[in-house]
2 protein chains.
Amino acid sequence: MRDVCVIGLGLIGGSLLRAASAVGRAAWGATDSEADAAAASADGFDASTDVAAALRRAGEQDALVVLAVPLPVVGEVLREVGKHAPGCLLTDVTSVKAPVLASVRSFAPDARFVGGHPMAGTAESGWRAGNPALFGGAAWVACVEDDTDLAAWAEVARLALDVGSHVVPLTAAAHDEAVARISHLPHLLAAVLATVGAEGGPVALALAASSYADGTRVAGTRPELVRAMTEGNREALLPVLDEALGRLGAMRGSLASTGGLAATINAGHEGAQALAEWRAQTPAGVRVSLTAPDARDGLRALGARGGRITAITEDVAIGEVA
Amino acid sequence: MRDVCVIGLGLIGGSLLRAASAVGRAAWGATDSEADAAAASADGFDASTDVAAALRRAGEQDALVVLAVPLPVVGEVLREVGKHAPGCLLTDVTSVKAPVLASVRSFAPDARFVGGHPMAGTAESGWRAGNPALFGGAAWVACVEDDTDLAAWAEVARLALDVGSHVVPLTAAAHDEAVARISHLPHLLAAVLATVGAEGGPVALALAASSYADGTRVAGTRPELVRAMTEGNREALLPVLDEALGRLGAMRGSLASTGGLAATINAGHEGAQALAEWRAQTPAGVRVSLTAPDARDGLRALGARGGRITAITEDVAIGEVA
């Protein structure tokens, strides 16, 4: 099993250092946060604040470097990668993929990079919030671009599988479009709902029940995390926001004119059923040879159909799709 | 304890017939639904499909009549009330209050009417979905208008308290404005989110995690229930929708121009904290004499501050407010 070097020891990085160690991988971490480094060391992990040294060691040992830092500092850390481990095997766990890919091409162009995003997290942050089971059962997107090195892709996928996730192969663009819909839009609608609700004062808060609590829950997430992912995904998010605004505007017009909301409410009900039906499907097994000439297309087609990779042999990705 | 006559034996009416019976009140029900009437009778309750007879009996015994029918048929049932029990003690459990008040004034003007709304429910419907514990811990709005008969108000409040709810005194207008914010807007945003999410196809559904599941949960509610409450609250809902649309539009403009979403996200976080802080408050006890000349103002002021009534003696409402 390949060694793992985790840069950033917050919730995700800290959980990954624990999880990789737990499955028997040699793993070390580094972070700018003295508090996180001290806490990780105190818990018995190989952690320091010397990011340069950690990266050099990764370069020497051909370890898999995992960038687990917030999106706004990814560029800065990639400069360090370019300097101390220029040709390393590299992935990240950031919630937006196209901007990270662009940064890698600027700052660490020789890295064997595969964009990654484990769809796991909590509202907590920092080393203390982490746990090795964080990735169990989660979707872990591992990006496949036209120039992706499939051996590197398989290494990233193996790490994700080792820590309990299943792997979803997608392009960075397909990932960003999907998360704009199912993660970033929910966060922004929750923020507006929580604002409009609170504007109603004590009466509104006193009457708030489960529909309000459900609809505003993610508005409690730390604002800097929500800003990083939504602002960082601006290009993919704008058209999705416009789609939502168009539907909301049409609804408002219909309520004001005919008084009818059937179109909006029925479409929403169908959407809710689509998710329930999707989750109730019985998937069928698939195999993608990683050495076939069209392997990248095969992986991306699987991801585009909502499929997942659940195991990897030496050169075959084994998965399922409904 | 006053007898109770429940018209409509679906989820809410059926639960109330059970709950009122469970606390030892004489209670009977009637419904147009042969299935619900048969199911209620089979469960040992006094239930029939003869709404006119149930109402006449309520008039004769001065029972409290509870309208538990969907909003679209409230007017029709109120005509029956005006015909068979014109001066009865009357309340309802509908999710919108001003339109019901207007209907009562048209169709049963002599009823001693107090608008009501227990903030309880599930996505289920029909007699079989009911249970006597449905109202435990719920806010039950009991409306106080300038001409509300406070003896009738106290009767409605006592029923709500008997079945485990606390009572929130509000005008119909204040109720409708608040539920537009914390119930109807959440349902409509969830519908649009579920639609935009499903438009993302299998990739989006495969990546959907808790933010999407939370944000779309109420989109699974039966469309006719959501339509009844939102379309029925058109007057109060339109300005709230416009407030939300204004905030969403400003957010969209900010993302497109400066790329910044801090204002939206910070306001949402403050809104989420406002709810958490509201719920963490320690309330102080209050008493409102129901025979005082300003009793209606006192009750409404308590409700406007987010307070609640938790007990009623012969002529004093005892409650708490933070």
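Reading the values: the criteria
Residues numbered from 1 in each chain as written. Chains lettered and ligands numbered in written order. Predicted model: local features only at pLDDT ≥ 70, side-chain atom pairs only at ≥ 80, totals over all residues. Heavy atoms only, no water. Core = buried A, V, L, I, M, F, W, Y, C linked by side-chain atoms within 4.5 Å. Buried < 20%, exposed > 50% of the residue type's maximum accessible area, 1.4 Å probe, protein only. Contact = heavy atoms within 4.5 Å. Helix = DSSP H or I, 4+ residues; strand = E, 2+ residues; numbered from the N terminus. Arc of directions from axis to C-beta. Salt bridge = Lys/Arg side-chain N within 4 Å of Asp/Glu carboxyl O. Pairing = 2+ DSSP bridges. Axes fitted to C-alpha atoms, helices over the stretch in contact; angles between N-to-C directions. Nonpolar A, V, L, I, M, F, W, Y, C, P; charged D, E, K, R; others polar. Domains from an automatic or database assignment. Buried area = accessible area lost by both parts, 1.4 Å probe. Polar contact = N/O pair within 3.5 Å; in protein donor to acceptor, adjacent residues only side chain to side chain. Least-squares fit on C-alpha atoms with pLDDT ≥ 70 in both. Right-handed = clockwise from strand over helix to strand, strands pointing away.

Colleague: Explanation requested: the nonpolar core in the structure shown.
Modeller: One broad rule of soluble globular proteins: the nonpolar side chains tend to lie buried together. Ranked by size, the top nonpolar core spans 142 residues in total, and within it Ile7, Leu90 and Leu207 of chain A together with Ile7, Leu90 and Leu207 of chain B carry the most contacts. With sequence-adjacent residues up to four places away left out, Leu207 of chain B is seen in contact with Met119, Ala139, Val141, Val168, Leu170, His175, Ala178, Val179 and Ile182 of chain A.

Colleague: Would you mind showing me how to read helix α5 (residues 98-107) of chain A here?
Modeller: An α-helix turns once per 3.6 residues; consequently, residues spaced three or four apart project the same way. Residues Val100, Leu101, Ser103 and Val104 of chain A constitute the buried set of α5 of chain A. Take α5 of chain A and look down its axis: the buried residues cluster within an arc of 160 degrees, on one side only.

Colleague: Would you explain the pattern of salt bridges in this entry?
Modeller: If charged atoms from side chains of opposite charge come close, those side chains can pair. Applying the stated criterion across every chain yields a total of 38 salt bridges over all chains. Residues Glu199 of chain A and Arg247 of chain B are paired through a salt bridge, measuring 3.8 Å at the closest nitrogen-oxygen approach. Here Glu199 of chain A, found in helix α7 (residues 172-199), pairs with Arg247 of chain B, found in helix α11 (residues 234-257), and the two come from separate chains. You can call Arg247 of chain B partly exposed: its relative accessible area is 31%. Through salt bridges with shared partners, one network takes in Arg2, Asp62, Arg112 and Glu155 of chain A.

Colleague: Would you explain the sheet that holds strand β2 (residues 27-30) of chain A in this entry?
Modeller: Backbone-to-backbone hydrogen bonds join strands into a sheet, with any given pair of strands oriented parallel or antiparallel. Residue and element names in this part refer to chain A. As summarised here, the arrangement of the six strands in space is β3-β2-β1-β4-β5-β6, forming an open sheet in which the pairing is parallel. Since the sheet does not close on itself, it has two edges, and those belong to β3 (47-48) and β6 (112-114), each with one partner. The pairing of strand β1 (residues 4-7) with β2 spans four bridges and is classified as parallel. Residue pairing for β2: Val4 is matched across the bridge by Ala27. Sitting on the sheet, helix α4 (residues 74-84) is in contact with β1, β4 (64-67) and β5 (89-92), with an inclination near 160 degrees to β4.

Colleague: Help me understand the interface of chain B and chain A, please; the structure alone is not making it clear to me.
Modeller: Listed as interface residues are 86 residues of chain B and, on the opposing side, 86 residues of chain A. On the surface where chain B and chain A come into contact, there are six salt bridges. Counting residues per element, the side of chain B that touches chain A draws most heavily on helix α7 (residues 172-199) of chain B, at 21 residues. Class assignment for the residues of the side of chain B that touches chain A results in 50 nonpolar, 23 polar and 13 charged.

Colleague: Explain the domain arrangement of chain A here, please?
Modeller: How big an interface is tends to be stated in terms of the accessible area lost upon association of its parts. Residue and element names in this part refer to chain A. The domains assigned to chain A are domain 1 (4-170) and domain 2 (176-280). A straight line from the C-alpha centre of domain 1 to that of domain 2 covers 31 Å. Contacts between the two partners involve 11 residues from domain 1, matched on the other side by nine residues from domain 2. Of the roughly 760 Å² buried where domain 1 meets domain 2, counting both sides, 63% is carbon and sulfur surface. At the junction of domain 1 and domain 2, the tally comes to zero salt bridges. Taken together, the links from domain 1 to domain 2 amount to three residue pairs in polar contact (both at pLDDT 80 or more). Here the side of domain 1 that touches domain 2 is built from residues that sort into seven nonpolar, three polar and one charged.

Colleague: Quick question: what am I supposed to make of the relation of the copies chain B and chain A here?
Modeller: Each of the two chain copies goes to the other by way of a rotation about an axis and a shift along it. Note on the copies: chain B fits chain A at an RMSD of 0.0 Å, the axial shift is 0.0 Å, and the rotation between them is 180 degrees. Taken together, these values place the two copies in the relation of a two-fold axis. Here 100% of the contact residues of chain B are again contact residues in chain A; the copies associate through an equivalent surface.

Colleague: What should I look at first to understand helix α2 (residues 34-42) of chain A in this one?
Modeller: Residue and element names in this part refer to chain A. Burial in α2 covers these residues: Asp36, Ala37, Ala39 and Ala40. Buried residues along α2 cover an arc of 165 degrees about the axis, so they all sit on one side. When the buried face of α2 is taken as reference, the exposed residues oriented beyond 90 degrees from it are Glu34, Ala35 and Ala42. Among the residues trailing α2, Gly44 stands out with phi positive, at a value near 95 degrees.

Colleague: For this particular structure, what's the right way to read the pairing of strand β8 (residues 139-143) of chain A?
Modeller: The two faces of a sheet get side chains in turn, since along a regular strand they alternate between them. Residue and element names in this part refer to chain A. Taken across its five residues, β8 has five buried, putting it largely inside the fold. Bridging between strand β7 (residues 116-118) and β8 involves three bridges; their strand directions are antiparallel. Residue pairing in the sheet places Gly116 in a bridge with Ala142 of β8. Bridge count for β8 against strand β9 (residues 166-170) is five bridges, and the pairing is parallel. Looking across to β9, one finds that Trp140 is bridged to Val167. Taken together, β8, helix α6 (residues 150-162) and β9 constitute a β-α-β crossover, and its handedness is right-handed.

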